[in-house]
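Structural description and commentary
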Amino acid sequence: LSKKKKTIRDRLIFCNRYRDWTAEDWSKVIFSDESLFRLFGASGKKEYLRRIVAVTSVLGRQGLPFHGHDEGKDSANRGSFLACMELLKEFDPFLQKHKTPSNSKIYAIMADEARDAVKEHFLALAEMTSFDAQSIANELQQQIQNNGLAELKCVAQTYDGAAVMSGTTGGVQAHFRRLHPEAIYMHCYAHELNLVLCHTCKAIPEAVELFSLLECVYSFVSTSLVNHHKFMEAQTRLGLTTVELVQLSNTRWACQLRSISAVLDTLSAILECLSAIRSPIAVGLRVKLYKFSAVYALLMFQSLLSVTEGLHKFLQKETLDLAEALIYKQAVCDTLEGKLTDAFATELYERTKALCHTHSIPEQGAKTRQKQRKMDDFALETTSGAQTELDNSDTLKRELLFPCVDRMVGELEQKFCSVDAGLLRGIQACGPKCENFLSESHLDELAKHYSIDLKTEEVLVARNFLARKTEAGCSPKDMLTVHNLLDSDMFPSLKAIIQVALTVPVSRCSCERSFSALRRLHSWLRQTMGQKRLHCAVETSNC
């Protein structure tokens, strides 16, 4: 056997040989050097731990359950490795001890309905019986007490934008602030960015029409095996790299960019496929797609969404602080505003003309449709009034490009300012990339909110200290680096403020990562898994 196959074989043999052992059996072995010597030879405990980790890795990588549906003694299939969950329960107190931020004295809480600080930990997976704001806030407080955080200072709270969570008077954040007055509310910035793009597209009729068309094309091609086969054949016949169309998602706007790029890459194959099928739906979709304005909108949104794509990924990082997130947000706004020029509009129009020429799509002049009076007594799903055809440079720029860019920039400026302006300036002053880095007046506002007595001398000495570090080629690159460079005895109050700024979360993506683990664990084959075991399994997957 090859080395790899032999390793897998040994792990599976070990798994089958000891799968019926109870936690008591393993406890006797793990603490008995004599038993370990008989079982594994001179390597003892190390070999035992290596093998149990190896078995766990194999089962986890293959998505296999440790326990069976029926674990009774008379069951023919009690599971793959019964003792593992019992051992994890023994480790739980150790995990709890090492994940409680008692040394830091402060923490922030993130919650979602199903981690960006100095250090993040999965705290609990709680079962809710009532979903009103007061009940959710009570459960959060209960988990804080259960995990030994009641005596520490909560500096922030982050949820999604649902009214029950974000309401300023009756939402969870309002109830929670009555118990923790210093815990400012942060709307998840990753979610905010999704809302920016959603609101932009809903406000521009042509954008609504475009994404509706993309979804219809995806459904027509992907839900029918015959249509999908013809689409793939068309790509092969045209010598294109085989690409699958991408379904749109209201919560993951990276999918919109991928969907647009896929349509543009396979536009010739899509048009040929629709022409060959010639059903009423195919004819209608081809008419909508075979338009100069549709191609212009595809290229325009590909350009705009490519600007925001990097920010999407950046806001999902675990090593993220608020000051840096705001700098990147402003950079995105500046880039978008740079597209509000005649030069970019002309360039986009010329690119559209070139692509349309490749696919024999005609360029038409602007014209106006007159309202049809015979439709006055009918309820219509689309507009029937005067409508300008977006088929020349001026109308496309005026009616589509500039409104979309204006709306995106306006939404970005509005959505990313949920924190009090004074506190926001204080947090930004903790970041070395900010022009007001270590500005005492800005830091004072943050210090007052969290009752920290900031010493002026500390700020002055810190500026000189960090300036010397920069001259020596050790310039701090982010807020966490500044925090680590400052000595706790020499800069106690300044370091405490920077620690607060680091603890304020930017997004709740870590909560969603926990739910991703939950989907793997709580599958339809494991619907009877109880809440206690489910919590233990998810907690372990996050460690």
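Data block above holds the structure.
The following paragraphs examine the structure supplied in this document. Given the structure is predicted, the values throughout are model-derived calculations rather than measurements. (Residues numbered from 1 in each chain as written. Predicted model: local features only at pLDDT ≥ 70, side-chain atom pairs only at ≥ 80, totals over all residues. Heavy atoms only, no water.)

So, about the packing of aromatic side chains. Here the structure, examined in full by the defined rule, presents five aromatic pairs. When the ring of Phe292 is compared with that of Tyr349, the centres are 5.2 Å apart and the planes differ by 50°; the resulting orientation is tilted. Of the two residues, Phe292 is situated in helix α15 (residues 292-314) and Tyr349 in helix α17 (residues 342-358); the sequence distance between them amounts to 57 residues. No difference in accessibility class separates Phe292 from Tyr349, as the two residues are buried. Ring centres of Phe314 and Tyr328 lie 4.3 Å apart, and the angle between their planes is 40°; on these two criteria the pair is classed as tilted. Placement of Phe314 in helix α15 and of Tyr328 in helix α16 (residues 322-337) is noted, with a sequence separation of 14 residues between them. Of note, Arg286 hangs over the ring of Tyr290, and the distance from its end group to the ring centre comes to 4.5 Å. (Phe/Tyr/Trp six-rings, centres within 6.5 Å; stacked < 30°, edge-to-face > 60°. Helix = DSSP H or I, 4+ residues; strand = E, 2+ residues; numbered from the N terminus. Buried < 20%, exposed > 50% of the residue type's maximum accessible area, 1.4 Å probe, protein only. Lys NZ or Arg CZ within 6 Å of the ring centre and 35° of its normal.)

Considering the arrangement of structural elements, one finds Leu485 in helix α22 (residues 479-485). Counting along the chain gives 20 residues from Leu485 to Phe465, while the straight-line C-alpha distance between them is 9.4 Å. Contacts of Leu485, omitting those with residues within four sequence positions, involve Phe465, Leu466, Lys469 and Pro476. (Contact = heavy atoms within 4.5 Å.)

Let us look at the sheet that holds strand β2 (residues 153-159). The parallel open sheet is built from three strands, whose spatial order is β1-β2-β3. Edge positions in the sheet fall to β1 (106-110) and β3 (184-187), since each has one partner strand and no second. Each strand axis lies, on average, 25° off the axis of its neighbour in the sheet, ignoring direction. In the packing of helix α23 (residues 492-503) onto the sheet, the strands contacted are β1 and β2, and the crossing angle to β1 comes to about 10°. (Pairing = 2+ DSSP bridges. Axes fitted to C-alpha atoms, helices over the stretch in contact; angles between N-to-C directions.)

That's the geometry; what it means functionally is another story.
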